[in-house]
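# Coordinate inspection notes
What follows is the residue order along each chain.
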Amino acid sequence: MPEANGTTITRPAIAITMGDPCGIGPEVVVKALADPRVYAACRPVVIGNVYAMEQAAALTGLPMGINHTDDPTSSGEDPTRIDVVDIGNLNSEDITVGEISVPCGKAAMEWVSKAGQLAMAGVVDGLATAPLNKEAAAMAGYEAIGHMELLQELSGARTVATMLMAKNLRVVHLTTHRSLRVACDYVKQDRILDYLRLTDDNFRRWGFANPRIGVAALNPHGSDGGLLGNEEAEEIAPAVQQAQSEGINAIGPVPADIIFHQAIQDRYDVTLCMYHDQGHIPVKVYGFEESITANLGLPFIRTSVDHGTAFDIAGKNLADHTSMVESIRMAVAFARGDGLADGWGEE
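Residues numbered from 1 in each chain as written. Predicted model: local features only at pLDDT ≥ 70, side-chain atom pairs only at ≥ 80, totals over all residues. Heavy atoms only, no water.

### Brief notes about the state of the cysteines
Note the following rule: Disulfide: a pair of cysteine sulfur atoms within 2.5 Å of each other. Working definition: with a 1.4 Å probe on protein chains only, accessible area under 20% of the residue-type maximum means buried, over 50% means exposed, and in between means partly exposed.
Scanning all chains against the criterion turns up 0 disulfides. Unpaired in terms of disulfides, C22 finds its nearest cysteine sulfur in C104, a separation of 3.5 Å. Looking at C22, the relative accessible area reads 0%, which means it is buried. The closest cysteine sulfur to the non-disulfide-bonded C184 is located on C273, 12 Å from its own sulfur.

Structure follows, in structure tokens:
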């Protein structure tokens with residue numbers, strides 16, 4: 001991302017939300033920040049709880065000190081020290097590692113809001129988020145139980161989409177946190193067209209001259225000419241045709257049992273899928289450890305790990321931090337204006 005004077009941000013400030021402290025979030029954050037490439041590429045600051053981060057550092061045995069700071073603008077300069085903005089919203093006795101905690105669910109959502117506020121104020125150049133526990137957030141009274149929904153509400157963004165990425169497979173989701181029965185009701189021409197426009201716009205900004213967008217069918221076999229449903233003919237195909245008339249290189253609807261294979265074979269730059277599991281399953285099968293999430297449509301950068309809180313292994317030093325490292329790397333690439341570039345860029 002260019003700065004106001006036209007220069008390029010070489011070490012952007014990245015706010016890393018700690019996630020639910022009862023899960024593996026603190027552990028994967030500590031492990032990720034112990035990777036020397038992170039501090040070489042950005043100035044990280046954790047938004048979370050100092051005690052939970054201290055416990056995670058002790059658990060991993062990594063030589064990373066934990067520093068409580070109230071000034072995120074001066075954070076992330078010492079690669080042996082993790083700077084943590086702790087807003088004082090959680091008591092240590094409320095952290096029950098491996099179990100649902102309502103205070104932890106509430107605090108984790110508040111850290112996401114704080115990070116979003118810092119991004120909107122220009123204090124940080126992007127967000128990379130560790131996992132929330134949606135059940136804990138709901139029990140704490142949140143209706144917006146995911147990162148994207150909360151940040152959309154905070155920012156007032158109109159159309160926001162989740163994109164999952166693993167290697168060269170990129171999948172934008174028409175819906176995410178909806179039951180399958182409800183998600184089918186969102187397969188409407190206007191919504192599909194909005195998401196095609198949003199996807200095309202983002203990929204053009206990331207350097208794709210004419211992004212190829214594969215559009216997945218909803219029903220088996222693409223409905224078999226209407227034998228297995230009518231959404232393809234009545235909603236998806238008209239949206240694709242309208243997008244094409246606007247100069248968007250949309251292709252589809254393509255049956256879901258072949259489109260992701262085609263994407264991996266480089267037939268598409270990105271695929272638009274119709275519901276959560278339709279897109280999540282192929283991405284996680286193809287590249288679970290390195291898969292990450294990015295949001296399209298927010299007025300700031302937000303990337304995330306593509307895994308949950310994993311209460312079953314929390315506190316056992318078993319969590320793989322590859323996705324956390326990748327989410328930070330991608331936030332850095334977006335902040336630098338490098339788009340979907342591989343690697344860490346300038347080091």
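Picking up where we left off.
### Comments concerning the pairing of strand β11 (residues 292–296)
Two faces, one strand: in a regular strand the side chains alternate between the faces of the sheet. We count it as follows: Each helix corresponds to a stretch of at least 4 residues labelled H or I by DSSP, and each strand to a stretch of at least 2 residues labelled E; elements are numbered beginning at the N terminus. Think of it this way: DSSP has to see at least two bridges between two strands before they count as a pair.
Of all 5 residues that make up β11, 5 are buried, and the element is covered over most of its length. Of the two faces of β11, the one carrying I292, A294 and L296 and the one carrying T293 and N295 are both buried. With 5 bridges connecting them, strand β6 (residues 161–166) and β11 associate as antiparallel partners. Note that in β11 the partner of M163 across the bridge is A294. Taken together, the 3 bridges between β11 and strand β12 (residues 302–305) define a ladder with antiparallel strand orientation. Across the sheet, residue A294 finds its bridge partner in β12, namely T303.

### Remarks on the sheet that holds strand β4 (residues 81–85)
For clarity, the cut-off: To get an axis, fit a line to the C-alpha atoms, keeping to the stretch in contact for a helix; angles then go from 0 to 180 degrees between the N-to-C directions. For this analysis, residues touch if any pair of their heavy atoms sits within 4.5 Å.
One open sheet holds the 12 strands; their spatial order is β3-β4-β2-β1-β5-β12-β11-β6-β7-β10-β8-β9, and the pairing between them is mixed. Either end of the sheet is taken by a strand with one partner, and the two such strands are β3 (65–68) and β9 (250–254). In this sheet, adjacent strand axes meet at a mean angle of 25° when their direction is disregarded. The pairing of strand β8 (residues 213–216) with β9 spans 3 bridges and is parallel. Bridge pairing in β9 places I213 opposite A250. Packing of helix α8 (residues 189–205) onto the sheet brings it into contact with β6, β7 (169–173), β8, β9, β10 (270–273) and β11, and relative to β10 it is tilted by some 160°.

### Details of the packing of aromatic side chains
Stated formally: Stacked, edge-to-face and tilted labels apply to pairs of Phe, Tyr and Trp rings (six-membered ring for Trp) whose centres lie within 6.5 Å, assigned for plane angles under 30 degrees, over 60, and everything in between, in that order. Comment: the charge-over-ring label is applied if NZ (Lys) or CZ (Arg) is within 6 Å of the ring centre and within 35 degrees of the ring normal.
Counted under the stated rule, the structure contains 3 aromatic pairs. Taking 4.9 Å as the distance between ring centres and 20° as the angle between the ring planes, the aromatic pair formed by W206 and F334 counts as stacked. You can see W206 sitting in the loop between α8 and β8 and its partner F334 sitting in helix α12 (residues 322–336), a full 128 residues away along the chain. Site record: aromatic cluster; members linked through ring pairs are F203, W206, F208 and F334. A cation sits over an aromatic face here: K167 above Y286, 4.2 Å from the ring centre.

### Let's talk about the packing of helix α1 (residues 25–33) against α12
Going by this rule: Take the far helix as your reference; a near helix turned counterclockwise from it by less than a right angle gives a left-handed crossing, and one turned clockwise gives a right-handed crossing. Here the nonpolar group is Ala, Val, Leu, Ile, Met, Phe, Trp, Tyr, Cys and Pro; Asp, Glu, Lys and Arg are the charged ones; every other residue, Gly included, is treated as polar.
Where α1 meets α12, the closest approach of the two axes is 8 Å, and the angle between their N-to-C directions is 60°. The chirality of how α1 crosses α12 is right-handed. Packed against α1, whose contacting residues are V28, V29, A32 and L33, the element α12 presents M324, V325 and I328 at the interface. Class assignment of the residues belonging to the contact of α1 with α12 gives a composition of 7 nonpolar, no polar and no charged.

### Concerning helix α6 (residues 147–155)
What counts is decided by this rule: As used here, the arc is the angular range of directions from the helix axis to the C-beta atoms.
Among all positions in α6, only H147, M148, L150 and L151 are buried. Relative to the axis of α6, the buried residues are bounded by an arc of 165° and lie together on one face. Among the structural elements, β1 (13–17), α4 (102–120), β5 (126–129), β6, β11 and β12 are those in contact with the buried residues of α6. Following α6 by one or two positions, G156 has its phi on the positive side, about 75°.

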